[in-house]
Amino acid sequence: MILNEKLSEAVAVLAVIPPSAQAPGVVFSPWVELGEADRLLAIVQVGTFGANATVDASIAQAQDAKGANAKPIGAGKAIALAAAMGNDVQATLDVGTADLDVANGYGFVQLGVSVSATATETAAVILGGSSRYEPASSFNAASVVESV
């Protein structure tokens, strides 16, 4: 642990799904290479659920940044939220390189957030940690415009 390191330098914002009133269907983050970070944390946020809506999220893996041979990461790597849980909730999903099929060239991940029934306010962010190079924040997505 580096005591004079800011947390914003220790983690990178690798990708986002911007806040929206997401219609039923799936919205995907960009594909992210886990080459710069050994671990990532996906944070899914739900504002106001639509009537009887559910929000599911999962991580897929692929062999390149275009999604070649994409497949699910595996069991236990999914989020399921329902309107009955109440509004303004968050859920997290941890993924590490050990969860990927690296032996077959899988090194890219993508978050998918799915809404069913009616439009629901959603947003998500993928944070990268355990960076091979410091500061991790140098791998921030282009959408990160300021870090104080």
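Check the entry above for the structure.
Here is what the cut-offs are and how they apply
Residues numbered from 1 in each chain as written. Predicted model: local features only at pLDDT ≥ 70, side-chain atom pairs only at ≥ 80, totals over all residues. Heavy atoms only, no water. Helix = DSSP H or I, 4+ residues; strand = E, 2+ residues; numbered from the N terminus. Buried < 20%, exposed > 50% of the residue type's maximum accessible area, 1.4 Å probe, protein only. Contact = heavy atoms within 4.5 Å. Areas by Shrake-Rupley, 256 points an atom, 1.4 Å probe, with all protein chains shown as cover.

Caption draft 1: Spotlight on the overall build of the protein chain. Tallying secondary structure elements over the protein chain gives one helix and 10 strands in all. Counting from the amino terminus, helix and strand elements in the protein chain follow one another as α-β-β-β-β-β-β-β-β-β-β. Taking all 148 residues of the protein chain together, 39% fall into the buried category. Long-range pairs, those at least 24 residues apart, make up 81% of the contacts in the protein chain between residues at least 6 apart in sequence. Carbon together with sulfur atoms contributes 56% to the accessible area of the protein chain, which is approximately 7900 Å² in total.

Caption draft 2: Broad picture of the environment of Gly 107. Along the chain, the position of Gly 107 falls in the loop between strand E8 (89–96) and strand E9 (108–116). Sequence-wise, Gly 107 and Leu 34 are 73 residues apart; in three dimensions their C-alpha atoms are separated by 5.7 Å. For Gly 107, the contacting residues outside a window of four places in its chain are Val 32, Glu 33, Leu 34, Ala 62 and Leu 100.

Caption draft 3: Focus on the environment of Gly 74. Mapping Gly 74 onto the fold places it in the loop between strand E6 (71–72) and strand E7 (78–82). For the pair Gly 74 and Gln 61, spaced 13 residues apart in sequence, the C-alpha separation works out to 9.6 Å.

Caption draft 4: How the structure looks around unusual backbone geometry. Of note, the phi angle at Asn 52 is positive, near 60 degrees, even though the residue is not glycine. Backbone geometry at Asn 69 places phi at a positive 55 degrees, although glycine is not the residue there. Within the element layout of this structure, Asn 69 appears in the loop between strand E5 (54–62) and E6.

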